[in-house]
Amino acid sequence: MKSINLVILNIFVTYSYLSVMNCIIKHIIFLFILCIFSANGFSQSQTLYQQAADAYNLKKWKSASTLYYILLKDSSEYSPTFIKAIASGILAGDSLSIDKSIKLIELQEKNFDQILKDLSEYSISTKQFDIFPEIIYKLENERPSKKKELTRYVIKYHEFLRQSDDLILFIDTLLVTSPQNPEWLLSKAKAYQLKGESDKSLKLYEQILELSPYHFQSLLYIGNYYYLQTKNKIKDLDDRYKDIKKPNQAQYFQYTKELAQIKNDYLSKSEYYLEKADQVHSNEYLRKILYDIYVLNSDSEKANNMKRRLTDKN
C-alpha cells in the first residue's frame, strides 16, 4: 500500500512541473492518477467486504455488524448484503449492534417492505427463527406508524411456520387493546385450526360474524363445521342400527326421531351458513355441498335447482 502511495506522490509532483507540457499528455497523466486512486479505494472496499463476510461466516456477529455498517451506511442501493448486515446486528444481541440494524433499515425506507420480506425468508432458510420477530418488535418501538403493517408480517411469519401457540399468544396481546378486530380474530381462529381445536375456532368465527355478518371465510367454516358434524352423527346413528335387520315400530320411531334431531341441530345450521356464503361468493365446492344438504333434507325443489346450477356451470 505504501509503494502505491509513493508512486502516486511522485506522479503528482511530476505532473505539477509539467507547465509547458502538451495539454494532451497532462490529461493522460491526470486520468492515470485518478485510476490509481480509484483502484486503491476499490481494493480497500473489497478488503472490508471480505473481512465482513469472514466475520459473518465465523459467526462473529458483532464484528460482522460493525464492518457491514461501515460499508453500507452511505449506500443508496439495496442489495442482499443488507440482510446479512441486519441479521448480524440482531444476532450480536447488544443494543449498539441492534441500533445499527435499525438504522440500516431506516436508510432504505423505499425498500422497507422488501427488506421485511427478505428478512422473513432469511430467518426461515437459515433456521434463525428469532431474527425476524426480534427486528419487528424493535421496529414497532421505533416506527409506531408502521405498527399495523408490522403486525401483519409477524402473523404471516408464525402462520407459515405453523407456530400456532406463539401466534395465539401474540394475537392475545393485540386483542387486549382491540378485542373486536376481525383481522386478528380471524388469525386466531386459523391458529386454533392448526392445533386441531375446531370448537375454539368455531366460537371465534361466530364472533367475527357478529361484527361482519357476511364474512365469507367465517360463513364457510361454520357451514362446513355443521355439515361435517351432520355427516358424522348420521354415520354413528346408522352404525348403531345397521345390525337390526327388521326394526320394530319402536326402533324405527327412535331412529327417525334421532335423525330429525340431527338435521334440526346441525344440518339446518349448515344450510343457513353455506347459503349465505353462496350469496357472497359462489363456487363449485359450495354448490356440491349445498346439493348434498338438500338431498339429506329431502328438499327436492332446492336439490333440483342446485343440480341445474351445477350442470350449467359445468
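Residues numbered from 1 in each chain as written. Predicted model: local features only at pLDDT ≥ 70, side-chain atom pairs only at ≥ 80, totals over all residues. Heavy atoms only, no water.

## A closer look at the pattern of salt bridges
Here's step 1: Inspection of every chain in the model, using the stated rule, returns 14 salt bridges.
Here's step 2: Measuring nitrogen to oxygen at the nearest pair gives 3.1 Å for the salt bridge that ties Glu275 to Lys302. One end of the pair, Glu275, is in helix 13 (residues 249–280); the other, Lys302, is in helix 15 (residues 300–313), and 27 residues separate them in sequence.
Here's step 3: Look at Glu275 and you get partly exposed, because its relative accessible area is 22%.
Here's step 4: By relative accessible area, Lys302 is classed as partly exposed at 31%.
Here's step 5: Between Arg309 and Asp278 there is a salt bridge, and its shortest N-O distance comes to 2.9 Å. Taken together, the residues Arg309 in helix 15 and Asp278 in helix 13 connect sequence positions 31 residues apart.
Here's step 6: A residue is classified by how much of its surface remains accessible, and Arg309, at 31% relative accessible area, is partly exposed.
Here's step 7: Classification of Asp278 as buried rests on a relative accessible area of 13%. (Salt bridge = Lys/Arg side-chain N within 4 Å of Asp/Glu carboxyl O. Helix = DSSP H or I, 4+ residues; strand = E, 2+ residues; numbered from the N terminus. Buried < 20%, exposed > 50% of the residue type's maximum accessible area, 1.4 Å probe, protein only.)

## Brief notes about unusual backbone geometry
The phi torsion of most residues other than glycine is negative, and most of the peptide bonds are trans.
Here's step 1: Within the chain, Lys127 stands out as a residue other than glycine whose phi angle is a positive 60°.
Here's step 2: With respect to the helices and strands, Lys127 occurs in the loop between helix 6 (112–125) and helix 7 (131–142).
Here's step 3: Assessed through its relative accessible area of 62%, Lys127 is described here as exposed.
Here's step 4: Here Arg162, not a glycine, exhibits a phi torsion of approximately 55°, which is positive.
Here's step 5: Following the sequence through the fold, Arg162 ends up in the loop between helix 8 (147–160) and helix 9 (164–177).
Here's step 6: With relative accessibility at 59%, the residue Arg162 sits in the exposed group.

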